[in-house]
Amino acid sequence: RTNLILSDMSVIELRNKLESIEMRRRAANPVHRTTVRFARVAATIAGAAIISSAIYFPNREVSTSKLYSQHFRSYEAITYSRSANVTTNALFASAMEAIRAKNYDMAVSYLNQIVNADQANVESVFMLGVASMEVKDYSKAEEMFGRVIKQNDNLFIEDANWYLGLCYMVTEKKDKALRQFEYIADSKSKYNREARKLLRKLD
């Protein structure tokens with residue numbers, strides 16, 4: 001009987017040990033699963049935060065030069081007015097040929113000759129501004145577009161205002177650029193929608 005009792009006690013102790021081990025294992029696993037689950041949730045939240053920042057702050061690191069390259073398009077003159085001055089006509093025709101050939105330095109040279117002789121020639125003043133932008137002489141371009149805008153009643157007002165805003169932007173004159181694009185956005189200009197987009201990116 002003593003041997004039987006001792007044998008039973010050994011079995012009971014073994015069972016108790018096994019149950020204790022099993023309980024410790026079960027107690028450890030939920031912690032592990034919780035940790036994994038928390039890590040997954042944290043990763044999901046972090047990913048959502050990154051996506052949200054990309055949606056709501058998409059242009060935080062976009063430079064003004066990149067915005068300029070995205071929104072600047074070379075002006076395409078389909079026709080041009082003829083002057084009573086034969087020399088002016090010849091110079092302007094040569095300037096337009098140079099622009100079509102993307103030889104903007106030569107175009108600037110021709111247009112400068114016209115504008116120096118006739119500052120009221122609004123088309124030449126405007127095209128000198130355009131050619132100056134192409135050679136990155138933004139101060140010259142600003143001056144020419146300013147002249148066009150001051151003359152007020154001409155066919156180049158909308159384009160001059162738009163290009164002037166781009167010149168302000170690329171030369172880091174943010175306040176002037178914002179005012180210029182606000183003016184365009186509130187007008188009936190063909191550039192008003194594009195101006196609104198730029199305002200959101202610059203603000």
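Scroll up to find the structure this text is about.
Along each chain, residues carry numbers from 1 onward, in the same order as the chain's sequence is written. Note on the predicted model: pLDDT of at least 70 is required for a residue's local features to be given, and 80 or more for side-chain atom pairs to be given and counted; whole-chain, interface and lining totals, by contrast, use all residues. Where side-chain values are given, they derive from all heavy atoms of the structure, hydrogens and water being excluded.

A word on the side chain of S132
Thinking step 1. Mapped onto the fold, S132 is located in helix α5 (residues 122-134).
Thinking step 2. Contacts: residue pairs with any heavy atoms within 4.5 Å of one another. Not counting chain neighbours up to four residues away, the residues in contact with S132 comprise V108, D137, K140 and A141. Every helix listed is a DSSP run of H or I at least four residues long, and every strand listed is a run of E at least two residues long, numbered separately from the N terminus.

Re the pattern of salt bridges
Thinking step 1. Salt bridge, as applied in this entry: a Lys or Arg side-chain nitrogen positioned within 4 Å of an Asp or Glu carboxyl oxygen. Per the counting criterion, the structure on display carries 5 salt bridges.
Thinking step 2. Measuring nitrogen to oxygen at the nearest pair gives 2.8 Å for the salt bridge that ties R100 to E97. Separated by 3 residues within a single helix, R100 and E97 lie in helix α3 (residues 86-100), roughly one turn from each other.
Thinking step 3. According to the relative accessible area criterion, E97 is partly exposed, its value standing at 48%.
Thinking step 4. Of the charged contacts in the structure, one is a salt bridge between R147 and E143, with a shortest N-O distance of 3.0 Å. One end of the pair, R147, and the other, E143, are both in helix α6 (residues 138-151), 4 residues apart, so they sit about a helical turn from each other.
Thinking step 5. Take R147: its relative accessible area is 23%, and that puts it in the partly exposed class. Per-residue accessibility, obtained with a 1.4 Å probe over protein chains only, is compared with the maximum for each type, and a residue is labelled buried under 20%, exposed over 50%, and partly exposed between these values.

Notes on the packing of helix α4 (residues 104-117) against α5
Thinking step 1. Two elements in contact, α4 and α5, have axes separated by 9 Å at closest approach and are oriented at 150°. On the basis of the axis angle, α4 is roughly antiparallel to α5. The two elements α4 and α5 meet at a crossing, and its hand is left-handed. Between α4 and α5, the contacting residues are Y104, A107, V108, L111, N112, I114 and V115 on the first element and S124, V125, M127, L128, A131, S132 and E134 on the second. Here an angle of 0 to 180 degrees is reported between the N-to-C directions of two axes, which are lines fitted to C-alpha atoms, with helices fitted over the stretch in contact. Here roughly perpendicular refers to angles of 65 to 115 degrees, roughly parallel to angles under 35, roughly antiparallel to angles over 145, and oblique to all remaining angles. We call a crossing left-handed when the near helix sits turned anticlockwise from the far one by less than a right angle, and right-handed when that turn is clockwise.

Interpretation note: all reported values are geometric properties and have no functional meaning in isolation.
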